[in-house]
Structures are given as structure tokens and as C-alpha cells.
Amino acid sequence: MQGDDQVLTVALGDSAAGLRLDRALAEALPDLSRERLKTLIKGGRVASTDGTILWDPSAKAMASATLELRLPKPAPAHNVAQDLDLVIAFEDEHLIVVDKPAGLVVHPAAGNLDGTLVNALLHHCAGQLSGVGGVARPGIVHRIDKDTSGLIVAAKHDKAHEGLAKQFAAHSIDRRYLALATGRPIPANGTVDAALGRSATNRKKMAVVAEGRGKHAITHYRTIEPLKGATLVECRLETGRTHQVRVHMTHIGHPLLGDPVYGRAKKPLSDVLKARGFARQALHAAHLGFIHPVTGNVIALDSELPADMQELIDILRV
């Protein structure tokens, strides 16, 4: 154990009797996830007051016991904190929702080692980040593509991350995208229920695959406004798969305007896009709704269309 550990004294109540040790500690320390506590116990960081180390997360806890937990200081993440402009849609001590501009990468990766949302959050949330796994990092629970704009939520600590992750896994998050699709979907409102997996011909692309081969994916779409050669649609995600809206709309014959991967517009739409310098998929994460994982409040946020998409709509209005 290191000298800069934070030592927490935990007094277990009568209700802890017979519970697993990790569960009893999780109830006493709500800001630490049960998985995090399991790791700490197995690492020899929980002891009774007489110094006996408790190694087994499944051991039965004793009522009214007093324990000591040594919490290591989170090591800095490998990613560099950078002071980048962020548009904050919502923030408290538990989580933050950012209105991401198109062009901003979420996670550092080959070719984008800095200048990402993670770098910006490391700076903005300094000292308030999750220590999952002993590493200070923003809790990115979901992603949106680099060239998609709109709302994305990140957790500041384990409990918030765990609570949000459960809602995403249960498909209870309300996520609605606004998209400019080519042509006129028929019917005007509908549901695309088609599994998604890696393309057999291009591993960088996703594709509709046979059920059982990929991940179940459902998108509900509705027409908002017919345009010249295109349609403004709202897509509500029942599931959240990589490139889901882009692939599903292409699958029904209406790829998104500007999408360089899944569909290229024909003239005269291509001329309009070229004249405007519009070279991204016309997709915006416009609405995000969820139950706050700590307070239980309903959070419902909306983001206005970015200027480049709004200009396209104005040009293409019938």
C-alpha cells in the first residue's frame, strides 16, 4: 500500500449482517461501484480494525463491524488534458452532457491522439473524474461519430457511470436524431428492425446481416419535413449500435446526405452539397432523455440543429 492512499473508515450497520462483503461496502459507500469494491478487496485494501486483511468479496459481512478501506489515488490517464471549448448542455457533480460539434472525435485513437472530447473533459472535469480501475478518466458511456453533432453524456464517478450504463443496456435512454435523408421514405413513418454487424467486404463498415450473425438493432423513423430530393427525418433509437441510423436508412434506400461511407448523393443534390462544402453525414443527436442515476430526476435535453444542416434545409425547402 502506498503512503498517499486515502484511508476510509467504514462502519457497517445491523443491516449488513449476512450480506456479501462487497455488497455491504457498496451500500455503505454509494459513490463506489460494487465492481470497484471487488477489485479493492482482492487487492488487499480492506481490513478489519485489528489489521486483518479481508481478501474475499463474497465473505459474509458482520453487523456493526468497522472496517478500513485504503483507496489509491487515481493515476493520471495516459491522455493529456486540453483546454478546448465545450458547449455544456447540463452539468452537476455527477455527470456532464456536452453538445458536441461535428468534427470532434470522442476518444483518442490512431490518427487522433489529442484534441478529442476525452482530452477536453480531462481538463474541464479536473479532480472530478471516475477512478474506475485506478485510472482517472471521464466516464464515456456511449459514443457518437466524429462527424455527427449533438448530445453526449459522460459520468464523473463510478455510481453515475454504472447507473447510466444500466439504462443504456436496458434501452431506456430516449435518443432521437435529426437526419437529412435522400429521397422520400415510404411509408413516411416506420420502423427498421435489422441486425447489424461488420461488413463482409469492408471491415471498416457496418452492414445489415442475418439475425443471429450481428447485434439486434431497431430504429424508428418519422418524416418531419419533405424537401427537394431529400427529407428531414427524426430517428429514435431503440438500440444503440455503431453507425445504426446511417446503415438503417441506407438499408431502406435513403442514405444520409453527405455520408462518405454509406451513400453518395446524385445530382442535383451532390452539386448543392459541393457548393456548401458539406462533406459529412447530415446527422445530429438532437434529444437525450434519461433518469439521473443519482438524484432520480428526469433529464430531458434538446440541441438545436447546427448551422450547416439548417442551411441545407433552407436551400432544399420545397
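Structure report, in brief. Here the residue numbering is sequential within each chain, running from 1 through the sequence in written order. Totals for whole chains, interfaces and linings use all residues, but because this is a predicted model, local features are given only for residues with pLDDT of at least 70 and pairs of side-chain atoms are given and counted only at 80 or more. For the side-chain quantities, the full set of heavy atoms in the structure was used; hydrogens and water were omitted.

### Considering the overall build of the protein
Here is the rule: By the criteria applied, helices consist of DSSP H or I runs no shorter than four residues and strands consist of E runs no shorter than two, each listed in order from the N terminus. Throughout, exposure labels follow a simple rule: accessible area from a 1.4 Å probe, protein chains only, divided by the maximum for the residue type, with under 20% read as buried, over 50% as exposed, and the rest as partly exposed. Throughout, a contact is declared for two residues whenever any of their heavy atoms are within 4.5 Å. Every accessible area reported is derived by Shrake-Rupley at a probe size of 1.4 Å, with residue values counting cover from the shown protein chains alone. Within this scheme the basic residues Lys and Arg register as positive and the acidic residues Asp and Glu register as negative, but His and the chain ends are omitted. Every charge is mapped to an atom, namely NZ of Lys, CZ of Arg, CG of Asp or CD of Glu.
Of the regular secondary structure elements, the protein holds 7 helices and 15 strands. For the C-alpha atoms alone, the extent of the protein along its principal axes is close to 80 × 40 × 40 Å. When the 318 residues of the protein are sorted by exposure, 48% land in the buried category. Considering only intrachain contacts with a sequence separation of at least 6, the fraction spanning at least 24 residues in the protein is 65%. Of the roughly 15800 Å² of accessible surface on the protein, 51% is carried by carbon and sulfur atoms. Averaging the coordinates of the 38 positive side-chain charges in the protein and doing the same for the 34 negative ones gives two points 9 Å apart.

### Quick look at the nonpolar core
Worth spelling out the cut-off: Here the nonpolar core consists of buried residues drawn from Ala, Val, Leu, Ile, Met, Phe, Trp, Tyr and Cys, with membership extended through side-chain atoms lying within 4.5 Å.
Counting 27 residues, the largest nonpolar core has L117, L121, I140, Y177, V245, M249 and L256 as the members making the most contacts within it. Mapped onto this core, the elements with two or more residues apiece are β5 (95-100), α3 (117-124), β7 (149-155), β8 (174-182), β13 (230-237), α5 (244-251) and β14 (283-291). It is α3 that contributes the most residues to this core, 4 residues altogether. Ignoring any residue separated from it by four or fewer positions in sequence, one finds Y177 in contact with I144, T148, V233, E234, C235, L237, V245, L283, H284, A285 and A286. In terms of nonpolar packing, the next biggest core, distinct from the first, is built from 20 residues, A16, L29, L37 and L67 among them.

### Observations concerning the packing of helix α6 (residues 269-276) against helix α7 (residues 307-316)
As a reminder, the rule being used: Each axis is a line fitted through C-alpha atoms, taken for helices only over the stretch in contact, and angles between the N-to-C directions span 0 to 180 degrees. Throughout, the term roughly parallel applies to angles under 35 degrees, roughly antiparallel to angles over 145, roughly perpendicular to angles from 65 to 115, and oblique to all others. Each helix crossing is assigned a hand: it is left-handed if the near helix lies turned anticlockwise from the far helix by less than a right angle, otherwise right-handed if that turn is clockwise. Asp, Glu, Lys and Arg are counted as charged, while Ala, Val, Leu, Ile, Met, Phe, Trp, Tyr, Cys and Pro are counted as nonpolar; the rest, among them Gly, fall into the polar class.
For the pair α6 and α7, the least separation of the axes is 11 Å and the interaxial angle reads 135°. For the element pair α6 / α7, the angle class is oblique. Crossing of α6 against α7: the hand is right-handed. Along its contact with α6, which presents L269, V272, L273 and R276, the element α7 presents E311, L312, I315 and L316. Residue composition of the contact of α6 with α7, by class: 6 nonpolar, no polar and 2 charged.

### So, the pairing of β5
When a strand is regular, its side chains alternate between the sheet's two faces. This is how it is decided: DSSP-based pairing: two strands are paired if at least 2 bridges between them are found.
Buried residues dominate β5, accounting for 6 of its 6 residues. The side-chain alternation of β5 yields two buried faces, one formed by L95, V97 and D99 and the other by I96, V98 and K100. Linking strand β4 (residues 88-91) to β5, which pair antiparallel, is a turn of 3 residues. As defined by bridge partners, β5 adjoins β7 across 6 bridges and the pair is classed as antiparallel. Directly across from V97, in β7, lies its bridge partner V153.

### Points about unusual backbone geometry
Cis geometry marks the peptide bond from I186 to P187; its omega dihedral reads 5°. The topology assignment puts P187 in the loop between β8 and β9 (189-193). The omega torsion of the bond from K267 to P268 falls at 5°, within 30 degrees of zero and hence cis. Structurally, the position occupied by P268 is in the loop between α5 and α6. With phi around 60°, H171 is a residue other than glycine that occupies positive phi space.

### A short note on the packing of helix α1 (residues 21-28) against helix α2 (residues 34-42)
α2 packs onto α1 with a crossing angle of 125° between their chain directions and a minimal axis gap of 9 Å. Taken together, the axes of α1 and α2 lie oblique to each other. Classified by chirality, the crossing of α2 by α1 is right-handed. Mapping the contact onto sequence places L21, D22, R23, L25 and A26 in α1 and R34, L37, K38 and I41 in α2. A breakdown of the residues in the contact of α1 with α2 according to their chemical character gives 5 nonpolar, no polar and 4 charged.

### Observations concerning helix α4 (residues 158-169)
Threshold: Each residue after the first adds 1.5 Å to the expected span of a helix.
An ideal rise of 1.5 Å per residue puts 16 Å on 12 residues; α4 measures up with 16 Å between its terminal C-alpha atoms. Of the surrounding secondary structure, the elements contacted by the buried residues of α4 are α2, β5, β7, β8 and β14.

### A short note on the pairing of strand β12 (residues 218-227)
Here β9 pairs with β12 via 5 bridges, running antiparallel. Residue pairing across strands places G190 opposite Y221, the latter belonging to β12. Across 8 bridges, the pairing between β12 and β13 is antiparallel. Each residue of the ladder has a partner; that of R222, found in β13, is E234.

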